[in-house]
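Commentary on secondary and tertiary structure
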Amino acid sequence: MTLLLSEAARVPMYFASMCLRLLYFIPLIGIVATPYAHADTVMPLHLEPEQIQEERLPGEYRETTEDQQQVETVPPAEEHAAAETPSTAEAVSQADKLASQDVLEELAHLRKSLILDPDDDAPRLRVAQLLYQLGDADGAIDEFRTLLRFHPENARGHLGLGTALMAKQDWRTALVELQEAVRLDPNLVQAFFSMGTIHYTRGSPLAAMQAYREALRLKPDFAEAHYRLGLVLKVIGKDKEAAQEFEVAALNGIAKAQLFLGNAYKSGEGLEKNQVMAITWWSRAFEQGLPEAAQALTQLRRLAAVKGPTQGKQSKAAAESFQEFCHQLWLDFPDLEREQPDDTVGVTLLKHHRTAEALPVLLREAYALNIAAHMTLVRLYEEGLEGVPKHGQWILVYLESTAADGLIPSRTALTRIYGKGIGVPQDLVKAKGFIKGLPKDEAKALLDELTIAQTP
Amino acid sequence: MILVGRFFYTHTWIQALAISIFTVALSSFLWSLAPVTYTTMEWGWYDTWLKHRQPPESNAPILLILRDQRSDQQFGTGIWDRAILARMVTALDDAGAAAIGIDVSLRVPSPPALGGAVSDALLLEAVRSASRVVHPETATFPVGDPTPASSSQANGSYPAAAHMQPAWDNDRIVRRVPLFFESGTGTIPAFGFKLATTFWNLPENQGLRGSSDVTPRNGPVSEIQFQSSEVPMDQEGRLLVSFVGRGTADAFHSITFADLWQLTDNKTSDQLQGLVKGKVVLMLSDPSAAKYPSPFGTDLSAGVIQAHLLDTLLARRWTYELPHVLQLIAGMAVCFLAAWFLLAIKGGKGSVLTIGVIGAYVALVLVTLPAVGWVLPLTIPLTGCALVILSATVLEQRLSARKITLLEQDMRRIQEEMVAVREALVCRENAVDALEEDLESARLSANSSVGRQQELIETTDALRTQIDEAQVQEEAARRRIGELEQELAAIRAVGTTNIPLGDTEQEHLRQECEQFSIITAHPHLLSEFRDLKKAARTSLTVLVTGEPGTGKELFARAVHRVSPRAGRPFIAVNMAAISPELFESELFGHLRGSFTGAVSDRKGYFELAHQGTIFLDEIGDLRLDHQSKLLRVLQEQTFYRVGATTPTTVDVRIVAATNKDLQRGISEGWFREDLYFRLKGFVLPLPPLRERREDIVHIAKRLIQQMARQRNVHEVCLSDDAMLALQQHDWKGNVRELQHCLERADALSEGRTMTRDDLRLSSDEMAQSDLSRVGRLMPEPAGDAAVLDILRQQGFDMQATAKTLGWDRTTVTQRLKGLCFQALVASQGDRAKAATALAGNPALVRTVELKIMDYHGHLQKAIQQFSTAEEAILDCKRRFKNLPERHFKSVEALVREYFSQKSDASLSLAKGTQPAR
């Protein structure tokens, strides 16, 4: 990973990003369809495949890579306004406005040039692409058709028209245009990719598979195509091949590919069952804000949290998987040495004053039911650290999330936080609510502690 | 074939069975032309019952998840992103749902706007991990069930949800659901059935094998112990759905998707568990699911219908319907009962019982559905019953005529058999008599010759044995006659031929006869006329027999006039009057130039009578060679004109008449037997006038009226004594003689009253007539006339006659033997004449003739060993010692005639051989 921002500037921004991600999956409404939701399968007109993951259509559900995550200032779940902080939302809105103004200015300039030279293909193609980018699919289609009247052999024109028609859900005409584009320029990766989408939508998964494979033949590192191909393979029941494609896409940072790969490891469909690997990939997807990944991890955590006589084989295996996951985190930091068996990576990094690296690792470990990491986070919340202000909301979000999963340490911590009003307004009712379900001794101790705290 | 026909005509239950089969087949055929109306009528009661019954509640563990306005606000109004369903499926599985059904096909891809392949893959993973999820499969539609213009097909996609589709009846109402569908990979169970098998935890192959026998391995919930059960499918593998409630989804426990989502969101899953654990959860999320018209009059989605199927299977709330074959059998049973009552029980009672049968069946149909859940067929049985009433009426009319014909045939057959047996009896009697005579002769010989005693004893024993045997045979023949007479009496009792005529009917028939110039009030003749009317309706050949002047031609014309051929020609041909050379030309016609004098084509009598009736009078006088020619025409109705090479076919009804005894003609060889049997289709023996003396007065009056009308004078009256004289006279010439007598008297009478003297009837005839009449009235026990009269009355049955007279049978035999010899002498050796004279009734002529032949033959055999007539007479005196003296004179005359003929023959032989020398 490449850190582009300075350490000091990154930390608070990162915390904000993490908080937003965590809030993102709590209501789990991110899967509700948006007007342009289908555009995740349509490639932007003016971009090459490698640019796909950088630029998105307005309102599009954003899937980001890990690299992007390091450089972006806006968290991935920005469309969920309920979860956004006002400052971030305003920043995004401002950036969008500026971008739109630039596009409109460019559009006006291009239209002027087209008045002087209507036959010129480059400005008309650009006008059509900009119109599509602005969401005017009908206007874009008109411009593409005008372009093709003057230049019927313009492959990009056909590609653009096909893509715009896909936005209008005119699958048949769009396919014809894309096929024409491919005939004129057999190296148009975007065209094959879009054809794959159309074929799948029209109920021809085999043709879709072929189209995606053609796109991958032209551009083997096309992560989105790997992901799409994996999806088609999964739908038609070729789990093993699907898992391979998901793996390539997941390594390239496609969050949903990571989710499906984690699912494959969990269920053993196409891969050997490996719960640790499942946790690894779900964690990565979760860190990108994917609610399904959060849900999967929550379920597994609940299973692992079962203790005592009711603990079954599955619970035990889940708990062991989380432990193993924490052990494997050491492999990401070969420069660190494990002094004690109970040491965690996050705590060790803190000891080495590598705070920026330590915090996300601590969160991972804590989410993986590591008590030491959990205690460290609670301490950080209550006391803070150099470069880490106390009462961090991101830690509170973690605690509430895991408390809802039934984790006793989190419930205990929240009882204390709300009972004593640490970083939050004191709320005894809420605090007592967290006591419910705790072991009797622990509950009694907490109640005593709260009573003492209330005594003047 | 004839036997089958006879069996059919004589057995009511066979007729009822045939009618029931016919009517059910006909109504099935007729309703097959209007299947929509048929189905509407057939299921009308079922639909009405569903609408108006107390709606039952679903008690099966089923939970429906339904869309509502809140769900649409939350997730959108159209088709939802499958990721939503994926999450719900996972949550339901975690909460312990026994089976989960979703109405979203995984084979139809999501559009990109709804998540595309991502959502598809998520739902697929959720379904796989849950493992108890049933989703619509691809299937081939059952033949005859058109796909509704539903969402999937309207979009041009493959109908993946086909195994959710119910079956439409012909009236476009959904009452059944096929339990199995054919797909590319084999048979797949219906959506609801698959859910049920998943719930029962059945092995996969059991739900797929297409059998109605399902035996769950173990239930997912302990309290559900589903035992082996037969699912009552119809022939097409469809199950009649037992709808609960009013058919809508409200009949089931349900929650909305929004509520389910809320429960899924809650971190504590207890509430969701309590709601869905151990239940079949059916998620109906497709807003554009095809709707099908239900028996309730409302449209139901395929998912709701599958929920009803699921409820039917889980609750085992079966509604049964009969297989097609049993439906037909039930229909036939009802029709059979209706037809049997109509045919077997005459009058209004049969009709009432038939209506009762129909009513009882309708009541049964109305009761069985609510009581035991059986849907019985209604339309075909009721239509069949209506047809039964029509058919039975028509059949009854047809059968009555046919039954009469059959009874007449039976009667004739038995009469023939009786004649044959009677002849056999006569032969046996004769044999016994002859043997007794031989025995007597042997006894006498034994007395006279002691030396031959031993031989005679042996002969006596042998003869005694033969007598015993002959007596046994005679007794058997007598028993046979008794049986046949009983049978004949039974047939007469059943048939209408000899049903005694009522006064009204007699009067009616008499008036009808008068229309044909037949004047009679004689019951027998009126009865014959009634039979004639029945026979005339067919093309049966009629043979009219009777003495001259009995009115044969009148009856022949009557046959024509009452037949359907009345409007066609009636050609009367006197066979005796046709020149033998012109026989063929006259009867069959000729072509021009076929012989000298044939200057033009000429149609024969047969051709002239085409489609009409030909009356062949005096058929007994036909030559043998002509008889054979006529035979062919009677047999095939085809003949060749003289000179023609192609046959001519005609449609002619034959009526023949004769005053001769054709049976005697057969035995004597002057009449062909095959022609006789061809002619005697319907034999009409006309009694002579002397046997119907009550008609004489009427006929005489009618004749006098005719004569007066012809001469245009006032008609004369008959004095009382003249009337008595007419009635007492024998009228051997019958009506013709009566007519001449009256004409003569009319000419001779001077006043307006005709007296006995004017009639000029001879006194001998009168005296004879008187005597015979007196004899008949007061039979002299020992007198020949009395004996003969009783013999005639008893049909020349010796035993019966002896019983009547109180005599020994041998005495009666001796007396008849004497009468026979006397008659032979009177007829100068002509046996036929002698038999006619003795028999009195033409039907007995043959019997008497056989007796005469036998007696005469035996006499000749007895005397042929003697060389002179005297010796023979001496032997005969000993042999016929019981014969009265007056009869022995006849024996003597016959013996003398025999020897006279013998000497003549030897003389002629001697003369014939002399020249040779």
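Up top you'll find the structure we're talking about.
Notes on the structure in this doc start here. (Residues numbered from 1 in each chain as written. Chains lettered and ligands numbered in written order. Predicted model: local features only at pLDDT ≥ 70, side-chain atom pairs only at ≥ 80, totals over all residues. Heavy atoms only, no water.)

**Considering the packing of aromatic side chains**
- Inspection of the entire model under this criterion finds 28 aromatic pairs over all chains.
- Measuring from ring centre to ring centre gives 5.1 Å for A:Phe286 and A:Tyr367, while their planes differ by 80°; the resulting arrangement is edge-to-face. In this pair, A:Phe286 is assigned in helix H13 (residues 275–287) and A:Tyr367 in helix H17 (residues 355–367), connecting sequence segments 81 residues apart.
- Taking the relative accessible area as the measure of exposure, A:Tyr367 reaches 6% and is therefore buried.
- Ring centres of B:Tyr46 and B:Trp49 lie 6.4 Å apart, and the angle between their planes is 45°; this geometry places the pair in the tilted category. Residue B:Tyr46 and its partner B:Trp49 are both found in helix H4 (residues 44–52); the two are separated by 3 residues, about one turn of the helix.
- What makes B:Tyr46 buried here is its relative accessible area of 1%.
- Of the residues examined, B:Trp49 reaches a relative accessible area of 17% and is grouped as buried.
- Cluster of aromatic residues (ring-pair linked, three or more members): B:Phe75, B:Trp80, B:Phe257 and B:Trp261. (Phe/Tyr/Trp six-rings, centres within 6.5 Å; stacked < 30°, edge-to-face > 60°. Helix = DSSP H or I, 4+ residues; strand = E, 2+ residues; numbered from the N terminus. Buried < 20%, exposed > 50% of the residue type's maximum accessible area, 1.4 Å probe, protein only.)

**Some points on the nonpolar core**
- If you look at the biggest cluster of nonpolar residues, it comprises 160 residues, and the most contacted ones within it are A:Tyr227, A:Leu377, B:Leu92, B:Leu123 and B:Met283.
- When sequence neighbours within four positions are dropped, the list of residues in contact with B:Leu92 reads B:Ala97, B:Ile100, B:Leu260, B:Leu272, B:Val276, B:Val281 and B:Met283.
- Listed in part, the 54 residues of the second largest apolar core include B:Ala99, B:Leu239, B:Phe252 and B:Ala302. (Core = buried A, V, L, I, M, F, W, Y, C linked by side-chain atoms within 4.5 Å. Contact = heavy atoms within 4.5 Å.)

**What to know about the interface of chain A and chain B**
- Residue-level contacts link 32 residues of chain A with 25 residues of chain B.
- Together chain A and chain B conceal approximately 2300 Å² of surface at their shared face, both sides included; 61% is due to carbon and sulfur atoms.
- Taken together, the links from chain A to chain B amount to 3 salt bridges.
- Summed over the shared surface of chain A and chain B, the result is 5 residue pairs in polar contact (both at pLDDT 80 or more).
- Secondary structure elements with two or more residues in the side of chain A that touches chain B: helix H8 (189–201), helix H10 (223–235), helix H12 (255–267) and helix H14 (291–305) of chain A.
- Among the elements that take part in the side of chain A that touches chain B, H10(A) stands out by supplying 5 residues, more than any other.
- Residue composition of the side of chain A that touches chain B, grouped by class: 14 nonpolar, 10 polar and 8 charged. (Buried area = accessible area lost by both parts, 1.4 Å probe. Salt bridge = Lys/Arg side-chain N within 4 Å of Asp/Glu carboxyl O. Polar contact = N/O pair within 3.5 Å; in protein donor to acceptor, adjacent residues only side chain to side chain. Nonpolar A, V, L, I, M, F, W, Y, C, P; charged D, E, K, R; others polar.)

**Here's the deal with the pairing of strand E1 (residues 62–66) of chain B**
Residue and element names in this part refer to chain B.
- The buried count for E1 comes to 5 of 5 residues, which makes it a mostly enclosed element.
- The alternating pattern of E1 places Ile62, Leu64 and Leu66 on one face and Leu63 and Ile65 on the opposite face, and all of these are buried.
- Two strands pair when backbone bridges link them, and E1 and strand E12 (residues 280–284) are joined in this way by 5 bridges, in the parallel orientation. Within E12, the residue paired with Ile62 across the bridge is Val280.
- Across 4 bridges, the pairing between E1 and strand E11 (residues 253–256) is parallel. Each bridged residue has a counterpart across the sheet, and for Leu64 the counterpart in E11 is Ser254. (Pairing = 2+ DSSP bridges.)

**With respect to the pattern of salt bridges**
Residues and elements named next belong to chain B.
- Scanning the model with the defined rule gives 55 salt bridges over all chains in all.
- For Arg602, the salt bridge is made with Glu586, and the minimal N-O distance between the two is 3.6 Å. Here the residue Arg602 occupies a position in strand E20 (residues 602–603), and Glu586 occupies one in helix H21 (residues 583–588), the gap between them amounting to 16 residues.
- The class of Arg602 is partly exposed, set by a relative accessible area of 25%.
- Measuring nitrogen to oxygen at the nearest pair gives 3.7 Å for the salt bridge that ties Arg632 to Glu636. Here Arg632 and its partner Glu636 are both found in helix H23 (residues 624–636), 4 residues apart, which amounts to about one turn of the helix.
- Judged by relative accessible area, Glu636 falls into the partly exposed class, the value being 41%.
- Among the ionic contacts, a cluster of salt bridges with common partners joins Asp47, Asp169, Asp171, Arg175, Arg176, Asp234, Arg238 and Glu321.

**Quick notes on the sheet that holds strand E10 (residues 238–240) of chain B**
Residue and element names in this part refer to chain B.
- Pairing is antiparallel in the open sheet, where 3 strands are placed in the order E4-E5-E10. At either margin of the open sheet sits one strand with a lone partner, and together these are strand E4 (167–168) and E10.
- Two strands pair when backbone bridges link them, and strand E5 (residues 174–178) and E10 are joined in this way by 3 bridges, in the antiparallel orientation. The residue of E10 that forms the bridge with Val177 is Leu239.

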